[in-house]
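Descriptive structure summary
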Amino acid sequence: MIARLHAGAPWIAALLAVVFILLQGRPASGPGQGEVDLRDFAAIPVSADGRVKPLDTVARTTLMFLSGRQSFEHDGRRHPAIRLLADVLARRDEANHYRVFRIDHPDVRTLVHAHDEAVARLSLAEVIPYWEVIVEQARRAGDVPARSRNPYQQAVLRLYQQIVVVMNTWHGHEPYMVPPTGPDEQWAPFFRVALDARVAGDSHAGVEAITRMMSAYHVGDAERFEAAVKSYLAAFDGSMPALSRKARYEVFFNNFSPFYHATTLYVVAFLIAAGSLLLRASGGSVGG
């Protein structure tokens with residue numbers, strides 16, 4: 001019996017790996033009761049950090065920078081990064097209270113009056129009252145050469161940069177959400193294009209489409225939001241199909257998280273191999 005189990009161990013491991021991969025490749029689950037479905041929204045291409053990527057990637061990298069995670073907790077539930085990004089764009093009052101700023105350095109925590117050691121992450125509403133102090137401390141830290149900064153100076157600069165990232169998203173400066181409409185144009189920030197159109201008394205198709213999406217999301221009109229997102233993505237499919245396909249593939253890749261799951265599979269394979277060796281040793285002892 002032990003010998004048969006030992007011989008079948010590689011096949012058991014392979015079967016478990018295949019099942020695990022298939023389970024991880026499932027589409028992301030839909031929204032909860034009363035929530036807006038953000039899965040299509042996550043696939044919208046934008047420009048950030050020098051390349052075109054889906055909003056899902058922007059959301060994940062932003063939350064990792066703020067919190068060290070790709071999801072966040074609020075009201076006793078865990079939410080995806082795309083929820084944070086959508087709420088920062090269109091529901092500021094709610095996003096203000098998401099505890100996503102991880103602050104570890106004790107002196108920086110003292111700076112923002114974070115006295116509860118059990119709370120590792122703070123919300124913007126909790127840190128923004130100390131913005132002027134943070135700016136002053138960050139300015140002083142910035143005057144010190146990077147290699148000479150102590151841990152406190154590094155930490156206060158990081159908090160400053162984290163807040164700036166959120167504020168830039170709030171005000172439509174980043175990411176660049178307005179796509180080019182011609183061969184001589186580049187991706188542009190929503191705020192600048194919207195302001196230029198207003199000053200010129202003109203309209204801009206990209207600005208109007210994004211405004212429709214965010215307006216619907218702001219009031220929680222799921223049907224109108226999803227229709228606006230699908231219409232926007234359909235326009236991308238027609239004008240920039242390669243970018244649209246690439247963005248969808250990247251969202252799938254993000255959800256699949258192959259490197260993380262590969263690590264999990266390595267651990268499982270090690271445990272199975274160790275168990276197989278133990279079975280062999282046990283069998284040898286019994287036989288002896």
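As the structure is a computational prediction, the values presented were derived from the model and not from experiment.

With 65 residues, the main nonpolar core has Phe41, Ile44, Met213 and Phe225 as its most contacted residues. Once you skip the residues sitting within four places of it in the chain, Phe225 turns out to touch Val36, Asp37, Leu38, Phe41, Met213, Met214, Ala216 and Tyr217.

Below, the discussion takes up the pairing of strand E3 (residues 71–74). Bridging between E3 and strand E4 (residues 77–80) involves 4 bridges; their strand directions are antiparallel. Within the sheet, the bridge partner assigned to Phe72 lies in E4 and is His79. In this structure, the hairpin formed by E3 and E4 is closed by a connection of 2 residues, where Asp75 is found at a positive phi of approximately 55 degrees.

The next subject is the packing of helix H3 (residues 81–90) against helix H8 (residues 151–170). At a minimum axis separation of 8 Å, H3 and H8 run at an interaxial angle of 60 degrees. Here H3 lies oblique to H8, going by the angle between them. Residues Leu85, Val88 and Leu89 of H3 lie in contact with H8, whose contacting residues are Val166, Thr169 and Trp170.

Moving on: the confidence of the model for the protein. Close reading of the predicted structure is inappropriate where its pLDDT is low. Per-residue confidence for the protein averages 84 on the pLDDT scale, and 77% of its residues sit at or above 70. Per-element confidence in the protein is highest for helix H7 (residues 131–142), whose mean pLDDT is 97, and lowest for helix H1 (residues 2–24), whose mean pLDDT is 51. Residue range residues 17–27 is modelled with pLDDT below 50. Its contacts to residues more than four positions away, or to other chains, number 11 contacts.

Reading the values: the criteria
Residues numbered from 1 in each chain as written. Predicted model: local features only at pLDDT ≥ 70, side-chain atom pairs only at ≥ 80, totals over all residues. Heavy atoms only, no water. Core = buried A, V, L, I, M, F, W, Y, C linked by side-chain atoms within 4.5 Å. Buried < 20%, exposed > 50% of the residue type's maximum accessible area, 1.4 Å probe, protein only. Contact = heavy atoms within 4.5 Å. Pairing = 2+ DSSP bridges. Helix = DSSP H or I, 4+ residues; strand = E, 2+ residues; numbered from the N terminus. Axes fitted to C-alpha atoms, helices over the stretch in contact; angles between N-to-C directions. Parallel < 35°, antiparallel > 145°, perpendicular 65-115°, else oblique. pLDDT = per-residue confidence, 0-100.

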